[in-house]
Amino acid sequence: MTVTGEHVTAPASALGPMQPSRYVVAARQAETHDTVTLMLRPVGDPIEPPRPGQFTMLYAYGVGEIPVSISGFHRGQVLVQTIRAVGAVTRALCAAAPGAMIGVRGPFGTDWQVHRADGRDMLVVAGGIGLAPLRPVLLAALAERARYDRVVLLVGARSPGDLVFARELQTWRRRGADVRVTVDHGNADWHGQVGLVTRLIEGAVEDPAWTAAFVCGPEIMMRFSAEALVNCGIAAENIRVSLERNMRCGAALCGHCQLGPLLLCRDGPVVSYAEAAPLVAEKEL
Amino acid sequence: MDTAAAIPVPRLIDAEGLGDLFQALVTGGYQVIGPTVQDSAIVLSELSSAAELPFGWGVRLQPGGYQLRHRDDAAAFGHAAGPQSWKRFLHPPRERLWSARRTADGFDLDEADDDEPPRYAFLGVRPCDLRAIAIQDRVLAQPGSRYAARRARLFIVAVNCTEPGQTCFCASLGAGPGADGGACDLVLTELLDEHGHRFLVDVGSQQGAGLLGQVRSERADDALVRRARSAVRTAADRMGRQLEAGDLRGLMADSYQAARWDDVAARCLTCGNCTMACPTCFCTTVEDTTDLTGEHAERWERWDSCFDLDFSYLHGGSIRSSAKSRYRQWLTHKLGSWHDQFGSSGCVGCGRCIAWCPAGIDLTEEVRALRAERDLREEQ
């Protein structure tokens, strides 16, 4: 055998990080016209317990695999994953009925580090399906509500019909979250706020030095939201965002998810805005 | 026969001894991979004997050009890097990750192939490529991976470089021309003179010593050792190219907005040849397939290139749609962000990307231009 580096070791098991674990759809909840939440229960060995903000690679048999952030983890085994149908794989996953089998790899990546809001105001800003990876943050905060001062959730969606977890928003209010919702375009039944989610930010920040912010949504929404938070006096280090790039492996092997110095499957998806700001400002990086 | 540990090194073997060394590898259960002439190029292939090595062949290299030439001597390793690198054996271009079959309740993965991973012996690894293997180790040798399994069984016979090619610049990056310090089992230095065709053999590992112990060798006298060392050392002065390697990482980080990217994009065909020829480029994609019945599904990994438009595809479009952004990604990754991700540069100075670029784009020239542009920016 050749003299080898510390990373070179003999194979440990036949089942590597590339083999999916089998899960079945225990329940399926339509969120919007194109978005579905699946409750997934393991058939055999489950994946490791995820931390809020991590993602899995979900496999539809014979179709393909895509990264999906985890929107909940219940009873120590049930994965909650919210998927928007935008391509062949996501369409197949969204169509999966209870009992259907799905392949799961993961969990991968960094997490929100919810503890950063301990003893502080927690400010969560979500755009569209960006609320999905933030749901575990809310659930963690509300499970230990006393650890935080204010827990504020700002939600933006294109229209009332595009709001995900709409029924849960009320529950979260009851459990002590200050939930404020806005839509880009209202309809006849909508009596709430109309406008971009960034416009809710100024009124939501009370003590910028004592606020930890968690932001997820389309990249452009995260940039403008984070800038608005910075303008309110919140340090970029105290703002965390969840970034998205093409992902193939989840294990820092395939090179697809590079964003400058970062491999987002390993160094992300959740990073501080201080780190993300110069990278997302660069075109076509 | 002396025991391996007792043999004072370096040792000397002749061309016949090289054949014996080859046979010792075969007897030891290794599949020997080495350079050989095929399709007007020196490629890397499984060899059945040392006679298949490219004795008497050299290469002429230039940006966008590679040509075999007859040498005046019978050197087996008198050639610079060819179109392939050793990654095609350790990190194959196409590999099945798993297969599955449809079942009543969904699907089930087939048992993983428990075939013993191949025991490769690489014969003729240049120091630049030795560095490249070490770089890929840091990316790909995750515990339990097939790469790690192949790597752990690998035997490496490196060959010091005494005759760099016109596109070579390993000396600029400290990756050659000598294999000093690189992890390998044996290191040869090829010597052709009035005394014949011989190889000085240095030992890099216990396994290397063990193998050398099975081959007829003699003590190398001090004068010969000095001559061999000098031939390797002075090869550093005969590199066809040079790269000013100081603070390349900083240069890349400062150059995202450089005008030079437009200039290179006007020449770059985004064909991805550089990434295929590069011994460290490791990117892959996956392909999911089913048979016609849908009863059987497979997932394959295959080499991918950051020059491919689909590489950065995200629902709605590709992040890097311009040629400029894709060349920038490749170069800034290779020389800059590779440090952030894997703790070293991704370039070894083998020159393959220069020779195998159909447009003849020269990495060393692009870096020079980026440096000049930054200097100018800073003066203003």
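Predicted, not measured: the structure shown is a model, and the values here were computed from it.

**With respect to the confidence of the model for chain A**
Of the residues in chain A, 94% reach a pLDDT of 70 or more, and the chain-wide mean stands at 93. Long-range and interchain partners of residues 1-15 of chain A, a stretch whose pLDDT sits below 50, account for 41 contacts in this model, where long-range means more than four residues apart.

**Describing the sheet that holds strand β10 (residues 193-194) of chain A**
Sheets are built from strands paired through backbone hydrogen bonds, the pairs being either parallel or antiparallel. Residue and element names in this part refer to chain A. The strand order across the open sheet formed by seven strands is β10-β9-β8-β7-β11-β12-β15, and the pairing between neighbours is mixed. Only two strands of the sheet have a single neighbouring strand rather than two, namely β10 and β15 (270-272). As defined by bridge partners, strand β9 (residues 178-183) adjoins β10 across two bridges and the pair is classed as parallel. By the bridge assignment, T182 is partnered in β10 with Q193.

**Things to note about the domain arrangement of chain A**
Residue and element names in this part refer to chain A. Along its sequence, chain A is organised into domain 1 (21-108) and domain 2 (114-281). Here the C-alpha centre of domain 2 lies 21 Å away from the C-alpha centre of domain 1. The leading source of residues in the side of domain 1 that touches domain 2 is strand β4 (residues 64-74), at six residues. Broken down by class, the residue content of the side of domain 1 that touches domain 2 amounts to seven nonpolar, nine polar and three charged.

**Quick word on the nonpolar core**
Ranked by internal contacts, the top residues of the largest apolar core, which has 201 residues, are I102, V124, L154 and V241 of chain A together with F122 of chain B. With eight residues, helix α3 (residues 127-140) of chain B is the largest single contributor of residues to this core. Apart from the residues within four sequence positions on either side, V124 of chain A is in contact with L134, V137, L138, V152, L153, L154 and F214 of chain A.

**As for the sheet that holds strand β12 (residues 218-219) of chain B**
Residues and elements named next belong to chain B. Taken in spatial order, the eight strands make up an open sheet running β3-β2-β8-β9-β10-β11-β1-β12, and their pairing is mixed. The open sheet is flanked by β3 (41-46) and β12, the only strands paired with a single partner. Bridge analysis of strand β10 (residues 186-193) against strand β11 (residues 196-203) gives eight bridges, and the strand direction is antiparallel. Bridged to E190 within β11 is F199.

**Some points on the domain arrangement of chain B**
Residue and element names in this part refer to chain B. Here chain B is described as being made up of domain 1 (4-238) and domain 2 (248-379). Centre-to-centre, using C-alpha coordinates, domain 1 lies 26 Å away from domain 2. Tallying the contact residues gives 40 residues for domain 1 and 35 residues for domain 2. Listing elements by their share of the side of domain 1 that touches domain 2, those giving two or more residues are β5 (65-70), β6 (94-103) and α3.

Thresholds applied
- Residues numbered from 1 in each chain as written.
- Chains lettered and ligands numbered in written order.
- Predicted model: local features only at pLDDT ≥ 70, side-chain atom pairs only at ≥ 80, totals over all residues.
- pLDDT = per-residue confidence, 0-100.
- Contact = placed C-beta atoms within 7 Å.
- Pairing = 2+ DSSP bridges.
- Helix = DSSP H or I, 4+ residues; strand = E, 2+ residues; numbered from the N terminus.
- Domains from an automatic or database assignment.
- Nonpolar A, V, L, I, M, F, W, Y, C, P; charged D, E, K, R; others polar.
- Core = buried A, V, L, I, M, F, W, Y, C linked by C-beta atoms within 7 Å.
- Buried ≥ 20, exposed ≤ 12 C-beta atoms within 10 Å, placed from the backbone.

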